[in-house]
Amino acid sequence: MRILVTGGAGFIGSNLAKRLEHDGHEVTVLDNFFSGGFANLVDFQGEVIAGEHGAAEPCARCEVIFHEASITDTTVTDQLFMMRNNVEGFRHVLGWAARWHARVVWASSAAVYGNLPAPNRLTDKPAPLNVYGYSKLAMERLAKRWAAEHSEVPIIGLRYFNVYGPGEQHKGKFASMIYQLAQQMKGGKRPRIFKFGEQKRDFVSIQDVVECNLGAMVADHPPQAGVFNVGCGKAHTFNEVVAGLNRALGMELQAEYIDNPYAFFQTHTEADITQTRELLGFAPKHTDVAEGIQAYAAAGL
Ligand SMILES: NC(=O)c1ccc[n+]([C@@H]2O[C@H](COP(=O)([O-])OP(=O)(O)OC[C@H]3O[C@@H](n4cnc5c(N)ncnc54)[C@H](O)[C@@H]3O)[C@@H](O)[C@H]2O)c1
């Protein structure tokens, strides 16, 4: 198939583009390199277009669009900048999809849940805490309205939880906590986590995220403008992450517990992936974060 991956120089987009290419598809990457890293595309042979998702159609008709492009710095407070890029950019992409009759699989975020108690269910009333999370919610609502007018275009939103794995180095302080702690430890420092490390997150491996996207690409009769949780379905504590890193890196460093400066901080995220399993055939392999970290370390962490 001919496939367009927006945000294809980014962490998730580049992993997806390379896998699709490996599977024999003709893949075009579109990215404005705002936060992406060229190094992610060195092994990608397909066409790379340096451009905006908010511009004119970037290429000839594609049958599927994976839309990963987004401002991913969750600390941005410029609301217009965030909304223009994420929501208006998505509106353009939906326009291409309508003209091409292309399926759209796009990246929403667990940030739409904000601080809601876990497990995080699709029926929860969204409560984003920042404009990044709100932009994803606005995109979900836009997709719903769009689908009502363009019923021939399946639009599938994936609410990613905490994704980790190879290809995230360029994200710096926005790379996964697993990556950040590994760098501290490899630099000879004790891993610094908030007191007392019992906060929980649903950490999901990039391999599982890619598989979920592939499932969404081929799913029969997905609900129109449906959204799905994409986590491993289990929460692990920060202490468990440190233990997994020690094991994978062959170290024995004790965590250094520091005060949490944030007034609002998620203490527990955990994706309810019932619908993702049933309708997209999602079956995450790395449901034990220690195993996922081991695989990450083997690939170069
Ligand atoms: N990594 C996670 O844990 C996570 C969690 C929840 C949601 N997400 C979502 O998944 C998607 C991919 O995230 P990522 O972790 O790969 O981040 P990333 O920053 O590595 O990738 C985003 C890519 O989008 C590109 N981009 C930004 N604005 C653009 C524009 N106007 N036109 C074209 N390209 C543009 C960037 O240059 C970058 O390559 C994003 O939509 C993000 O919001 C990621």
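Located above this text is the structure these notes cover.
In this text the structure is predicted, and so the values were computed from the model without any measurement. Throughout this document, residue positions are counted from 1 along each chain, in the order its sequence is written. Side-chain atom pairs in this predicted model are given and counted only at pLDDT of 80 or more, local residue features only at pLDDT of at least 70, and totals for whole chains, interfaces and linings cover all residues. With hydrogens and water set aside, each side-chain value is computed from the structure's full complement of heavy atoms.

Enquirer: What am I meant to see in the site of the ligand here?
Expert: Lining the immediate environment of the ligand, one finds 29 residues, of which Asp-31, Ser-35, Thr-72, Tyr-132 and Lys-171 sit closest. The contact in question runs from a nitrogen atom of the ligand to an N or O atom on the backbone of Asn-32, over 3.2 Å. The separation between an oxygen atom of the ligand and a polar side-chain atom of Lys-136 is 2.9 Å. We get accessible surface area from the Shrake-Rupley algorithm with a probe of 1.4 Å; when it comes to residues, only the shown protein chains can shield them. Within the complex, the protein chains bury 96% of what would otherwise be the 830 Å² of accessible surface of the ligand. Secondary structure elements are defined from DSSP: runs of H or I of at least 4 residues count as helices, runs of E of at least 2 residues count as strands, and each element is numbered from the N terminus. At the level of secondary structure, the elements contributing two or more residues to the shell around the ligand comprise α1 (11-22), β5 (103-109) and α3 (131-149). Examining the composition of the shell around the ligand, we find that three residues originate from one element, β5, more than from any other. Each residue gets one label: Ala, Val, Leu, Ile, Met, Phe, Trp, Tyr, Cys and Pro are nonpolar, Asp, Glu, Lys and Arg are charged, and the others, such as Gly, are polar. Looking at the shell around the ligand residue by residue, the classes come out as eleven nonpolar, 13 polar and five charged. Near, as used in this document, describes a residue that has one of its heavy atoms within 4 Å of the molecule or strand being considered. In the analysis that follows, any N or O atom pair within 3.5 Å is treated as a polar contact, provided that within protein one partner can donate a hydrogen and the other can accept it, and provided that, for residues neighboring in sequence, both atoms belong to side chains.

Enquirer: What is the right way to read the packing of aromatic side chains from this model?
Expert: Given two aromatic rings, one states the distance between the centres and the angle between the planes to describe the pair. Only Phe, Tyr and Trp rings are paired, with Trp represented by its six-membered ring, and only when their centres lie within 6.5 Å; those with planes under 30 degrees apart are stacked, over 60 edge-to-face, the remainder tilted. Applying the stated criterion across every chain yields a total of nine aromatic pairs. A centroid spacing of 4.7 Å and a plane angle of 40° characterise the contact between Phe-90 and Trp-106, whose relative ring orientation is tilted. In this pair, Phe-90 is assigned in helix α2 (residues 79-100) and Trp-106 in strand β5, connecting sequence segments 16 residues apart. Note on classification: 1.4 Å probe, protein chains only; a residue is buried when its accessible area is under 20% of the maximum for its type, exposed when over 50%, partly exposed between these limits. Relative accessible area serves as the criterion here: at 0%, Phe-90 is assigned to the buried category. By relative accessible area, which is 0% here, Trp-106 ends up buried. Taken together, the ring pairs connect Phe-194, Tyr-262 and Phe-265 into an aromatic cluster. For a Lys NZ or an Arg CZ to count as sitting over a ring, it must be within 6 Å of the ring centre and within 35 degrees of the ring normal. Looking at Arg-201, its charged tip hangs above the ring of Phe-265, at a distance of 5.0 Å from the centre.

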